[in-house]
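# Reading the structure
This is what each chain is made of:
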Amino acid sequence: MFAFVQCINNGANDSKQKENKKFKEYAGSLTCAKCHQKIYDSHIQTAHYLTSQKASEKNIKGSSKDGENKFFYSSNVDVAVEKHNDQFYQVEYKDAVKKMSASIDITVGSGKRGQTFLYWDKNKLFQLPLTYFTPLHQWTNSPGFSNRVIFRRPITSRCLECHSTYFQKTSNEGIEPEDFSKTNIVYGVDCEKCHGPAAQHVDFHEKNPNEKKGQYIINPNLFTRKQQLESCRVCHGGKIAKTKPSFSFQAGDNLSDYFAIDTTAKDVANIDVHGNQYGMMVASKCFKMSEMTCGTCHNPHENETGKITTFSHHCMSCHNEAHNNFCKAKEMVGKQIIKNCIDCHMPELPSKSVMVLLQGQSIPTFASMRAHFISIYPEETKKFLAANKK
Ligand code: HEC
Ligand code: HEC
Ligand code: HEC
Ligand code: HEC
Ligand code: HEC
Ligand code: HEC
Ligand code: HEC
């Protein structure tokens with residue numbers, strides 16, 4: 001009996017040690033800065049890097065000032081965002097009496113469209129009731145929460161897998177809500193999400209400063225088109241169900257070895273714009289009739305938000321007068337065409353899944369997302385021409 005118990009303990013320690021070893025394989029992006037300064041400097045400006053952080057005054061969007069810090073669920077129930085001794089909290093009040101309160105420990109979302117918040121309860125993570133909705137600069141009820149105050153929505157490793165580089169799970173597979181280590185975390189979609197854990201790479205190059213070829217590191221430049229696409233699709237491919245524990249997939253792996261992928265053809269009108277840039281893009285003629293990948297238009301190390309002219313130049317690398325496949329509406333648009341192909345062919349459309357319920361309203365408000373189905377949108381052309389006539 002004694003031996004049996006000990007055997008189980010040994011097993012548990014083994015798996016703990018394995019997990020700790022896994023965390024030690026990460027070096028963190030600050031380490032990369034020493035040798036890849038330029039990439040580091042631009043990477044830390046990206047929505048990827050900022051998508052999850054340890055909460056602090058600096059990175060919590062939204063206000064805790066009186067008059068701006070509340071969301072009313074009904075005339076006598078509200079949740080307020082408050083600061084006490086440098087720590088931020090969400091606090092529920094009923095008839096002005098304090099009911100429930102929890103600290104804001106982790107931010108999720110760069111805040112481009114919104115930001116939601118998590119708190120630790122022992123080793124479990126829960127989502128807080130209020131989310132900040134950037135387009136309207138307001139606190140709202142967190143998306144998907146019914147219209148009442150909820151403090152107990154568990155956060156799973158699947159959620160963290162898309163919004164961070166590494167969280168160490170400390171509970172056994174299959175048990176939910178899961179337990180996580182509070183210290184062994186790599187926040188953000190950081191370098192090592194796309195290049196793999198890199199402690200060994202750092203160690204090697206520190207000891208071999210004359211080595212000019214990168215060692216012990218994933219180089220996406222060597223990927224096939226499928227590998228390139230899947231390294232983005234894992235998070236930008238909409239809902240896919242995992243078949244292996246979260247955080248096992250690495251850039252370069254076969255996505256279908258880790259997720260059940262629905263291969264039935266989808267009608268583009270039914271693919272939601274939220275989080276499924278992949279599904280939208282692959283339905284486009286551009287994609288089907290060229291070698292297009294996400295990298296055709298996106299530089300993974302840069303914040304390119306709003307750089308519409310740069311994106312338009314990427315269109316024109318394939319569509320130009322010389323190739324005789326330039327825009328058929330070019331006479332109508334005039335000279336300005338070279339600055340903006342995007343608003344007509346990849347318009348911002350309301351997303352069905354990025355929506356929030358604003359205070360006192362029963363119909364949700366949608367955030368707009370950039371459509372990755374590259375096509376002709378006659379209504380958007382009309383809007384564009386009307387706006388640019390003035
Ligand atoms: C001590 C210096 C050093 C550090 C620290 C370092 N690297 Fe490198 N890395 C190199 C050298 C040298 C190369 C090869 C030349 C080049 O591509 O710049 C390289 C190449 C790379 C490549 C391209 C791979 C290839 O085959 O060319 C990637 C990706 C990379 N490093 C990622 C990282 C990441 C991520 C970090 C931080 C976790 C990091 N590096 C930290 C020195 C370093
Ligand atoms: C681990 C998951 C993950 C992977 C892998 C990933 N992304 Fe993302 N990406 C995200 C998340 C999450 C956001 C939203 C960040 C936010 O605003 O909080 C995002 C945002 C973006 C944005 C919008 C940036 C902006 O300024 O709004 C672009 C573009 C993007 N990703 C491209 C890519 C490309 C290209 C790849 C593959 C090379 C890739 N992503 C791989 C999770 C991922
Ligand atoms: C969203 C995924 C993603 C993230 C995050 C990311 N990279 Fe990359 N990286 C790529 C891709 C894709 C390529 C290949 C295409 C390219 O060079 O732009 C690449 C290429 C590189 C290269 C080789 C460049 C070359 O010209 O050969 C280096 C070095 C590198 N990355 C370092 C880093 C470092 C350091 C960080 C963090 C500070 C980082 N990357 C973050 C996806 C990413
Ligand atoms: C399959 C990957 C995936 C999962 C799982 C996922 N997200 Fe996201 N999330 C994204 C991507 C990608 C974006 C960027 C917007 C887009 O492309 O739709 C995003 C956007 C967001 C944003 C808005 C960020 C901004 O500033 O624009 C928030 C907040 C967010 N997610 C929270 C969560 C939370 C909380 C969970 C878990 C309960 C979760 N997400 C699960 C991929 C994912
Ligand atoms: C890698 C090359 C490539 C890039 C980059 C590219 N396209 Fe295309 N695109 C094609 C090909 C090939 C076709 C199909 C044959 C054709 O119409 O020339 C196509 C088709 C189209 C069509 C017709 C769609 C339809 O359903 O009839 C439009 C509109 C279009 N592209 C606009 C754009 C815009 C706008 C961009 C930039 C956001 C862009 N393309 C980027 C290669 C590309
Ligand atoms: C033909 C060019 C092109 C290709 C290919 C492309 N994108 Fe984009 N992407 C854009 C443009 C243009 C924007 C809008 C930028 C802006 O408004 O600031 C954008 C925006 C985004 C955003 C931000 C979403 C939003 O609504 O703000 C994400 C996330 C993204 N792309 C991911 C991807 C992923 C993942 C792939 C590959 C599956 C991909 N893109 C392929 C052109 C492209
Ligand atoms: C004002 C909106 C608008 C702008 C800006 C615009 N387009 Fe178009 N584009 C259209 C419309 C509308 C059509 C369809 C015209 C027709 O069929 O008569 C079209 C047609 C096309 C086609 C041909 C599709 C086919 O049937 O083969 C391509 C390719 C294309 N555009 C690419 C571009 C590129 C590249 C840019 C930027 C340099 C651009 N467009 C800018 C509205 C626009």
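Summary of the structure given here. (Residues numbered from 1 in each chain as written. Chains lettered and ligands numbered in written order. Predicted model: local features only at pLDDT ≥ 70, side-chain atom pairs only at ≥ 80, totals over all residues. Heavy atoms only, no water.)

We now examine the site of ligand 6. Taken together, 21 residues lie near ligand 6, and Cys294, Cys297, His298, Gly306 and His372 sit nearest. The side chain of His298 places a nitrogen or oxygen atom 2.8 Å from a nitrogen atom of ligand 6. One of the backbone N or O atoms of Gly306 is found 2.6 Å from an oxygen atom in ligand 6. Secondary structure elements with two or more residues in the shell around ligand 6: α9 (277–282), α11 (308–316) and β17 (365–370). Of the residues forming the shell around ligand 6, the biggest block, three residues, is contributed by α9. Residues that form the shell around ligand 6 fall into these classes: 11 nonpolar, seven polar and three charged. (Near = heavy atom within 4 Å. Polar contact = N/O pair within 3.5 Å; in protein donor to acceptor, adjacent residues only side chain to side chain. Helix = DSSP H or I, 4+ residues; strand = E, 2+ residues; numbered from the N terminus. Nonpolar A, V, L, I, M, F, W, Y, C, P; charged D, E, K, R; others polar.)

Our next topic: the sheet that holds strand β4 (residues 87–94). Here we have four strands laid out as an open sheet, ordered β2-β3-β4-β5, and antiparallel in their pairing. Looking at which strands have only one partner, the edges of the open sheet turn out to be β2 (70–74) and β5 (97–103). Between one strand axis and the next, the sheet turns through 25 degrees on average, direction left out of account. Here eight bridges tie strand β3 (residues 77–84) to β4, and the two strands are oriented antiparallel to one another. Within the sheet, the bridge partner assigned to Val81 lies in β4 and is Gln90. (Pairing = 2+ DSSP bridges. Axes fitted to C-alpha atoms, helices over the stretch in contact; angles between N-to-C directions.)

In this section: the pairing of strand β12 (residues 164–169). Among the six residues that make up β12, six are buried, leaving the element largely enclosed by the rest of the structure. Direction of pairing for β12 relative to strand β13 (residues 180–187): antiparallel, over a ladder of four bridges. Directly across from Lys169, in β13, lies its bridge partner Phe180. (Buried < 20%, exposed > 50% of the residue type's maximum accessible area, 1.4 Å probe, protein only.)

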